Structure formats: C-alpha cells, structure tokens
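# Structural features, examined
Take a look at the letters that make up each chain.
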Amino acid sequence: MEHDQIKVNTQTLDTDSQTVLGYLKDIEKQKGNVAGSMIELNRMWSGPAYDQFVAAVSDDLTRLDLLLENLKKIYNYEQRAKTEYEKCEAQIKTMIDDLKIKEVE
C-alpha cells in the first residue's frame with residue numbers, strides 16, 4: 001500500500017517568507033523613490049508629453065500596488081502555514097510524550 005506524505009520544513013518556510021518580506025520592503029522603498037522623482041520632475045517639465053508620462057507612471061504604480069498586495073498575501077499565507085505546522089508538530093509531540101507504554105511482564 002502506497003502512502004502519500006507531505007514533508008514541510010518550517011525553517012525553510014520561514015526563510016522564504018522573510019525573503020518575500022524583504023522584497024516587499026525594497027519595492028515599497030523604491031516606489032517612494034519614484035514618487036519623489038516625479039515631484040522633482042514636475043518642477044522641470046510640463047506640457048502634454050509630461051501629462052502622458054505621468055499617466056503612464058500612475059498606471060504602472062497602480063499595477064505595482066496590486067503586485068505588493070499579492071506579495072503581502074503570499075507572506076501572510078507562508079507565516080500562517082508555518083505557525084499551523086509548528087502548532088501541529090507540537091500537538092503530535094505532546095500526544096507521543098503522553099503515551100504510556102506498558103511493559104510486558
């Protein structure tokens with residue numbers, strides 16, 4: 001009889017989620033840099049071409065917000081999964097520790 005097994009390394013799951021969190025923070029920082037650059041650019045450039053450029057950047061930033069939202073969902077999912085796996089492992093350990101083995105006489 002074949003058994004399906006799921007093997008989860010919670011340390012790897014935590015490391016992966018922290019990597020995603022690092023990406024999130026970096027992207028948010030870079031997004032802030034873009035916003036600051038747009039303010040500076042506004043002081044030097046005006047006209048229809050600038051308006052089109054601003055509209056394109058605004059659209060890109062809206063898409064970036066969606067990406068950030070999805071990365072946050074991935075991070076939260078990985079953190080919840082890590083917590084649940086660790087909780088389950090602790091419960092199983094407790095059950096095993098609580099087993100009383102009778103010695104054969």
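Above this text you will find the structure in question.
Glancing now at the overall build of the chain. Per the secondary structure count, the chain includes 2 helices and 0 strands. Its C-alpha atoms give the chain a radius of gyration of 25 Å, clearly above 13 Å, the size a compact globule of 105 residues would have. For the chain, the residues scored as buried account for 16% of the 105 residues in total. Long-range pairs, those at least 24 residues apart, make up 81% of the contacts in the chain between residues at least 6 apart in sequence. For the chain, the exposed surface amounts to about 9000 Å²; the carbon and sulfur share of it is 56%. The centroid of the 14 positive side-chain charges in the chain is displaced by 4 Å from the centroid of its 20 negative side-chain charges.

Attention shifts here to the pattern of salt bridges. Applying the stated criterion across every chain yields a total of 7 salt bridges. Residues Glu40 and Arg43 are paired through a salt bridge, measuring 2.7 Å at the closest nitrogen-oxygen approach. One end of the pair is Glu40 and the other is Arg43, both in helix α1 (residues 10–44) and 3 residues apart, which spans about a single turn. Exposure remark for Arg43: the relative accessible area of 62% places this residue in the exposed category.

This part takes up the packing of aromatic side chains. Applying the stated rule across the entire model yields 2 aromatic pairs. Taken together, a centroid distance of 5.4 Å and an interplanar angle of 70° make the contact between Trp45 and Tyr50 edge-to-face. Assessed through its relative accessible area of 31%, Trp45 is described here as partly exposed. Looking at Tyr50, the relative accessible area reads 9%, which means it is buried. Ring plane angle 40° and centroid distance 5.5 Å describe the contact between Trp45 and Phe53, whose orientation is recorded as tilted. Residue class for Phe53 comes out partly exposed when judged on its relative accessible area of 34%. One aromatic cluster is present, formed by Trp45, Tyr50 and Phe53 through successive ring pairs.

Here the focus is a nonpolar patch on the surface. A surface patch of nonpolar side chains, amounting to about 430 Å² of accessible area, comprises Ile92, Met95, Ile96 and Leu99. Along the chain, Ile92 turns up in helix α2 (residues 48–98). On the basis of relative accessibility, which here comes to 41%, the residue Ile92 falls in the partly exposed class.

The terminal C-alpha atoms of α2 lie 75 Å apart, and with 51 residues this matches the ideal 75 Å at 1.5 Å per residue to within 8%. By the burial criterion, the buried members of α2 are Tyr50, Val57, Leu68, Leu71, Tyr75, Glu78, Gln79, Ala81 and Lys82. Where α2 is buried, its residues touch α1.

Right, let's get into the environment of Asp65. Structurally, Asp65 is set in helix α2. In the structure, Asp65 is positioned 10 residues away from Tyr75 in sequence and 15 Å away in space, judged by C-alpha atoms.

Analysis parameters
- Residues numbered from 1 in each chain as written.
- Predicted model: local features only at pLDDT ≥ 70, side-chain atom pairs only at ≥ 80, totals over all residues.
- Heavy atoms only, no water.
- Helix = DSSP H or I, 4+ residues; strand = E, 2+ residues; numbered from the N terminus.
- Rg over C-alpha atoms; globule rule 2.2 N^0.38 Å.
- Buried < 20%, exposed > 50% of the residue type's maximum accessible area, 1.4 Å probe, protein only.
- Contact = heavy atoms within 4.5 Å.
- Areas by Shrake-Rupley, 256 points an atom, 1.4 Å probe, with all protein chains shown as cover.
- Lys, Arg positive; Asp, Glu negative; His and termini not counted.
- Charge placed at Lys NZ, Arg CZ, Asp CG, Glu CD.
- Salt bridge = Lys/Arg side-chain N within 4 Å of Asp/Glu carboxyl O.
- Phe/Tyr/Trp six-rings, centres within 6.5 Å; stacked < 30°, edge-to-face > 60°.
- Patch = residues over 30% accessible without salt bridge, like charges linked within 9 Å, V, L, I, M, F, W, Y side chains within 5 Å.
- Expected span 1.5 Å × (residues − 1).

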